[in-house]
Amino acid sequence: MGMKKKWAVSALAAFLVLAMAGCGSGNKADSGSAGGETIKFASDASYAPMEYMDTDKIKGFDIDFIKAVMEEAGIDYTVTNTGWDTMLSSVKQGTDYQAGLSSVSITDERKETYDYSIPYFESTNMIMVKEGSDIKSALDLKDKKVAVQAATTADELMSGIMGVDNGNLRRFDSNAVALMELNKGGADAVVADIAIVNEYIKNNPDEKLTGIIDKENFGSEYYGILYPKGSEWKAKLDPAIKKIIENGKYTEIYKTWFGEEPDTQTLLNAE
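Position numbers for residues start from 1 in each chain and track the written sequence from start to end. It should be noted that, the model being predicted, local features are given only for residues of pLDDT at least 70 and side-chain atom pairs only at 80 or more, the latter also being counted only at that level, while totals for whole chains, interfaces and linings use all residues. The side-chain values count all of the structure's non-hydrogen atoms but skip hydrogen atoms and water molecules.

1. Observations concerning helix H6 (residues 175-183)
With a 1.4 Å probe rolled over the protein chains alone, any residue whose accessible area is under 20% of its type maximum counts as buried; one over 50% counts as exposed, and the rest are partly exposed. Helical segments are the DSSP runs of H or I of at least four residues, strand segments are the runs of E of at least two, and each set is numbered from the N terminus. Taking burial as the measure, the nine residues of H6 include seven buried ones, the bulk of the element. The set of residues buried in H6 consists of Asn175, Ala176, Ala178, Leu179, Met180, Glu181 and Leu182.

In structure tokens:
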């Protein structure tokens, strides 16, 4: 929830930049397609390697993925770094932004408010702790101090395990800040998407961190593009998403970022 190294600056400085960048920045990734209509995507670019700020540009798996989708669909687009909460509220309204692209897990609760594309990425949540920790599974977190990003599936999962009003469940505006909370000793563990946890551990070897997968309590989840209810864009983009998964373009992008083959059949069956 073997990847190529993304940052030239120190890991802690990078995550500080990401935390700041996720708060209403106007930085954009723009398309070069020549269609007659444009869709504006909002994003929270603090989820390396999925989407993150590199100086003034948004980069990441999701950014390369959506470029391939929009080229296949022949539609112009922009991606703007708005931050998580702004993305959720603005996509719900559907005026300033018509879609959200930010590793957004598909959940039944969100489906009550939003429409989703077909799934485009399989993930799971992962626990990150300091080496030597006695934490071995999600249930071991009940009486620990746990950092999560607010309003994410990690928040939802840990609210179920620890209790929604548990003071030891510490919610932050971004995963970047949650990860730093563990580093400075304010939390015993962080729960976040596996890709984000693995990337942080890989880029911070001196911090002596380890990741724990708990398939029993943290099952697979799927990311989708987020739309307002009743959006016309779902019908326009779903065929393009399916096409790039089937024709190998998706696998090419996935291997570039994660160094391994995706399970595209499971992804297509998750529709």
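Read on, since the account is not over.
2. A look at the sheet that holds strand E5 (residues 57-59)
Between any two strands, at least two bridges found by DSSP are needed for them to pair. Read across the sheet, three strands follow the order E3-E4-E5 without closing on themselves; strand pairing throughout is antiparallel. Unpaired on one side and paired on the other, strand E3 (46-47) and E5 mark the two borders of the sheet. Note: E3 against strand E4 (residues 51-54), two bridges, orientation antiparallel. Note on E4: the bridge partner recorded for Ser46 is Tyr52.

3. Details of helix H9 (residues 249-258)
When we look at burial in H9, the residues that qualify are Tyr250, Thr251, Ile253, Tyr254, Trp257 and Phe258. Down the axis, H9 shows its buried residues gathered within 160° of arc, on one side only. In what follows, a contact means two residues having at least one pair of non-hydrogen atoms within 4.5 Å. Where the residues of H9 are buried, they touch E4, helix H2 (61-73), strand E9 (121-123), helix H7 (194-203), helix H8 (233-246) and helix H10 (264-269). The positive-phi residue at the C-terminal boundary of H9 is Gly259, with phi of around 70°. To be clear, the arc concerns the directions from the helix axis to the C-beta atoms.

4. As for the confidence of the model for the chain
Here pLDDT means the predictor's own confidence in every residue, given as a number from 0 to 100. When pLDDT is averaged along the chain, the result is 89; 87% of the residues meet or exceed 70. Below a pLDDT of 50 lies the segment residues 1-26, which in the model reaches 72 contacts outside its immediate sequence neighbourhood of four places, other chains included.

5. Brief notes about a negative patch on the surface
Note on patches: the residues involved have over 30% relative accessible area and no salt bridge, like charges join within 9 Å, and the nonpolar side chains Val, Leu, Ile, Met, Phe, Trp and Tyr join within 5 Å. The protein chains shown are the only cover counted for residues, whose accessible areas, like all others here, come from Shrake-Rupley with a 1.4 Å probe. Salt bridges are counted wherever a side-chain nitrogen of Lys or Arg sits within 4 Å of a carboxyl oxygen of Asp or Glu. Positive: Lys, Arg. Negative: Asp, Glu. His and the chain ends are not part of the count. Think of each charge as sitting on NZ of Lys, CZ of Arg, CG of Asp or CD of Glu. Judged by side-chain charge, Asp108, Glu109, Glu112 and Glu156 come together as a negatively charged surface patch. Within the secondary structure layout, Glu156 lies in helix H5 (residues 153-162). Looking at Glu156, the relative accessible area reads 43%, which means it is partly exposed.

6. Considerations on the sheet that holds strand E13 (residues 189-193)
Spatially, E12-E11-E13-E10-E14 is the arrangement adopted by the five strands of the open sheet, whose pairing is mixed. Every other strand in the sheet has two partners, leaving strand E12 (169-172) and strand E14 (209-212) as the edge strands with one partner each. Each adjacent strand pair in this sheet contributes to an overall mean axis angle of 30°, direction not counted. Here strand E11 (residues 146-149) runs beside E12; their pairing, made up of four bridges, is parallel. Directly across from Val146, in E12, lies its bridge partner Leu169. Whenever a helix is involved, its axis is fitted only over the stretch in contact; in every case the axis is a line through C-alpha atoms, and angles between N-to-C directions fall within 0 to 180 degrees. Seen against the sheet, H6 touches strand E10 (125-130), E11, E12, E13 and E14 and runs at an angle of roughly 155° to E13.

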